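A look at the structure
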Amino acid sequence: MRTGVETRIWSASCAVDDLFVPLVLGAENGGNLDLVEGWGRRWSVTWCVEGSELSCPVSAIADVPVRRAEPVRHFSWHPRQRHRPGLEAMVTTRRLHGFESLEERKFLRAVDFAGSVRGVLSQPFRLRFKTVAGKVRSHIPDYLVVMPDGRWLVDVRPARRADKAEDRECFAAARELAAAAGWQYSVVSGWRPQVVSALEAMRAEARPMSHLLDLQARMMGLLESGGMPFGELVEATRLPVVARAHVLHLLWHRRVGVDLASPLLDGAIVALPQGRPW
């Protein structure tokens, strides 16, 4: 666990990696995978491109038109199901993206806030991989995220549900595929303390807002002389109740910042992006 100053998360410049707790995969998790020479031709990936399935070996994954791909498996809704699927409207992509659980929705919101995302594809493909015993297994990762500096393959699995050897083997296979393709790979197993509640509060005010009262300009001007507690900042305006919504809006769009590792209360220090209070 991070200690001291490293536990702070400056919201105005943090990356998605700063917000979640990754699942650490050991070498033993991929010990049964068939990774002898030529494995990239023996493993295959199936995409859904413009309504039709397209299969290719892992070694040819760079040739797939990812931007025209669709989810390889669609979500379903039915009574008494134990998970919570839905559609999340992302500010960065201006599109709806599917999620199969509340944990996946948290991931989409974190990426929307801190990711500089160019595209998100849920259930991007079906990976078929082989074990050393010749057994063929399949795995559908949760997301393929297109970032400015590359692509990021992601599985979302809470730590309490990530202890099965079969699941970890699937994650290890996805890790090998990502490495072969030159992508980043992560298993999101949890979140840093306070992060989820802060993102939920800020996202509630992510929508475009009227500037008729000049509240945002007023508060930005106050912060030019240094950081201020959230409560004092809004009380310094003519309409503190309305100003609270505007501060959350500024925080979501990263025009001001706070420490996401601390509770977002009236005592939280708000500062301009370049003015970290510590």
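Residues numbered from 1 in each chain as written. Predicted model: local features only at pLDDT ≥ 70, side-chain atom pairs only at ≥ 80, totals over all residues. Heavy atoms only, no water.

Our focus in this paragraph is the packing of aromatic side chains. The final tally for this structure, using the stated rule, is 9 aromatic pairs. Ring plane angle 50° and centroid distance 5.7 Å describe the contact between Trp 43 and Phe 129, whose orientation is recorded as tilted. One end of the pair, Trp 43, is in the loop between helix 1 (39-42) and strand 2 (44-49); the other, Phe 129, is in strand 8 (residues 126-130), and 86 residues separate them in sequence. With a centroid separation of 6.5 Å and an interplanar angle of 45°, the aromatic rings of Phe 125 and Trp 183 are classed as tilted. (Phe/Tyr/Trp six-rings, centres within 6.5 Å; stacked < 30°, edge-to-face > 60°. Helix = DSSP H or I, 4+ residues; strand = E, 2+ residues; numbered from the N terminus.)

Side chains of strand 9 (residues 136-139) alternate between two faces, with Arg 137 and His 139 buried and Val 136 and Ser 138 left unburied. Of the pairings in the sheet, the one linking strand 8 to strand 9 comprises 4 bridges and is antiparallel in character. Paired with Leu 127 across the two strands is His 139, which belongs to strand 9. Hairpin connection, strand 8 to strand 9: the antiparallel pair is bridged by 5 residues, and Gly 134 has positive phi, about 90°. (Buried < 20%, exposed > 50% of the residue type's maximum accessible area, 1.4 Å probe, protein only. Pairing = 2+ DSSP bridges.)

Counting through the fold element by element, Val 270 comes out in strand 14 (residues 269-270). The spacing of Val 270 and Val 247 is 23 residues in sequence and 8.8 Å in space, taken between C-alpha atoms. In contact with Val 270, not counting residues within four places along its chain, are Leu 223, Gly 227, Met 228, Phe 230, Leu 233, Val 256, Gly 257 and Val 258. (Contact = heavy atoms within 4.5 Å.)

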